[in-house]
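Below are the chains, spelled out letter by letter.
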Amino acid sequence: MKLDKSFYLDGDVVQIAKSLVGKELHATVSGIHKAGIIVETEAYSYTEKACHAYLKRNTKRTKTMFMAGGVAYIYICYGIHHLFNIVTNNNEIPEAVLVRALEPLEENAELRVTSGPGKLTKYLGISKKFDTTDLTGNKIWIEDNGHDFQLDLSKRIGIDYAEEDADLLWRFTAKDNKWVSK
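A quick note: this is a predicted structure, and the numbers were derived from the prediction, not measured.

Peer 1: Can you lay out the packing of aromatic side chains for me, pointing to particular residues and giving the numbers?
Peer 2: Inspection of every chain in the model, using the stated rule, returns two aromatic pairs. Ring geometry for Phe 7 and Tyr 8: centres 5.3 Å apart, planes at 85 degrees, overall edge-to-face. Take Phe 7 and Tyr 8: they sit in the same class, and that class is buried. A ring pair is formed by Tyr 73 and Tyr 75, whose centres lie 5.3 Å apart and whose planes are at 40 degrees; its orientation type is tilted. Tyr 75 sits in the buried class, given a relative accessible area of 10%.

Written as structure tokens, this is what we have:
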């Protein structure tokens, strides 16, 4: 069952990041449909230094984060990797969840093909051109089909610059899942 807009407007980005683990991320790009179970997420809020919109910085890069929840926020990292995020919360409250890894629903998928945020967008065919895509539409969407995992909580990856906020346990992974990023 496709998630509706209300899921993304919950108001608690950390809770949404936790509850996304086990949901299915679907994308239909150029007529090709691919999907996977979300097995790793990270939460980002404007209240902490790791967030692109820290202290509500509204820039060309972060403008999507200021939209109402339920849209894709896609940015390019290191000039090559397209990273898929889900905007949460209400208009003008910039929060998002980075999807870091998927367990592909495709049988015989090569191990590790979706075990990182840049890898999963490549696998799904998602690029920056899908920034602001409505996640209740038919290009990119999320479904709840009853996959349940025990969660591991840990620090987010690659944000040492965020000082004390780097220690927040806002990374959520499916316990012992082989598709989680390394």
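Right, picking up where we left off after that structure.
Peer 1: So what's going on with the environment of Leu 168? Residues and values would help.
Peer 2: Of note, Leu 168 is situated in the loop between strand 7 (151-154) and strand 8 (171-174). Counting along the chain gives 13 residues from Leu 168 to Lys 155, while the straight-line C-alpha distance between them is 5.8 Å. In contact with Leu 168, not counting residues within four places along its chain, are Glu 48, Ser 154, Lys 155 and Arg 156.

Peer 1: How would you explain helix 3 (residues 117-124) if you had to name every residue and give the values?
Peer 2: Counting buried residues along helix 3, six of its eight residues qualify, which places the element largely inside the surrounding structure. Taken residue by residue, helix 3 has Pro 117, Gly 118, Leu 120, Thr 121, Tyr 123 and Leu 124 as its buried positions. Packing partners of the buried residues in helix 3 comprise strand 1 (24-29), strand 2 (32-45), strand 4 (81-88) and strand 5 (95-104). Downstream of helix 3 by one or two residues, Gly 125 has phi in the positive range, about 85 degrees.

Peer 1: Outline a nonpolar patch on the surface, supporting the account with residue identities and numerical values.
Peer 2: A cluster of nonpolar residues, Leu 151, Leu 153 and Leu 169, forms a patch on the protein surface that exposes about 240 Å² of accessible area. Within the secondary structure, Leu 153 sits in strand 7.

Peer 1: Any chance you could break down the layout of surface pockets for me, citing the residues and the numbers?
Peer 2: Each pocket or cavity is described by its volume, and for the largest pocket that value is around 680 Å³. Lining the largest pocket are 35 residues, and of these Tyr 75, Cys 77, Leu 83, Arg 100 and Pro 117 sit closest to its centre. Breaking the lining of the largest pocket down by element, the ones donating at least two residues are strand 2, strand 3 (72-77), strand 4, strand 5 and helix 3. No other element matches the six residues that helix 3 contributes to the lining of the largest pocket. Here the lining of the largest pocket is built from residues that sort into 19 nonpolar, 11 polar and five charged.

Peer 1: Residue-level account of the pairing of strand 6 (residues 140-143), with values.
Peer 2: With burial as the criterion, each face of strand 6 is covered, one bearing Ile 140 and Ile 142 and the other bearing Trp 141 and Glu 143. Bridging between strand 1 and strand 6 involves four bridges; their strand directions are antiparallel. Paired with Leu 25 across the bridge in strand 6 is Ile 142.

Peer 1: Provide a residue-level description of the environment of Trp 179, including the pertinent values.
Peer 2: Looking at the secondary structure, you find Trp 179 in the segment after strand 8. Its relative accessible area of 7% is what places Trp 179 among the buried residues. It is 31 Å that separates the C-alpha atoms of Trp 179 and Asn 90, two residues lying 89 residues apart in sequence. Non-local contacts of Trp 179, meaning those with residues more than four positions away in its chain, are made with Val 39, Ala 101, Leu 102, Glu 103, Pro 104, Ala 109, Glu 110, Leu 111, Arg 112, Val 113, Thr 114 and Ser 115.

About the criteria used
- Residues numbered from 1 in each chain as written.
- Predicted model: local features only at pLDDT ≥ 70, side-chain atom pairs only at ≥ 80, totals over all residues.
- Heavy atoms only, no water.
- Phe/Tyr/Trp six-rings, centres within 6.5 Å; stacked < 30°, edge-to-face > 60°.
- Buried < 20%, exposed > 50% of the residue type's maximum accessible area, 1.4 Å probe, protein only.
- Helix = DSSP H or I, 4+ residues; strand = E, 2+ residues; numbered from the N terminus.
- Contact = heavy atoms within 4.5 Å.
- Patch = residues over 30% accessible without salt bridge, like charges linked within 9 Å, V, L, I, M, F, W, Y side chains within 5 Å.
- Areas by Shrake-Rupley, 256 points an atom, 1.4 Å probe, with all protein chains shown as cover.
- Salt bridge = Lys/Arg side-chain N within 4 Å of Asp/Glu carboxyl O.
- 1 Å grid on protein atoms, 1.4 Å probe; cavity = no way out; pocket = protein on both sides within 12 Å on 5 of 7 lines; lining within 4 Å.
- Points joined across faces, edges and corners; volume = space filled by probe spheres on them.
- Nonpolar A, V, L, I, M, F, W, Y, C, P; charged D, E, K, R; others polar.
- Pairing = 2+ DSSP bridges.

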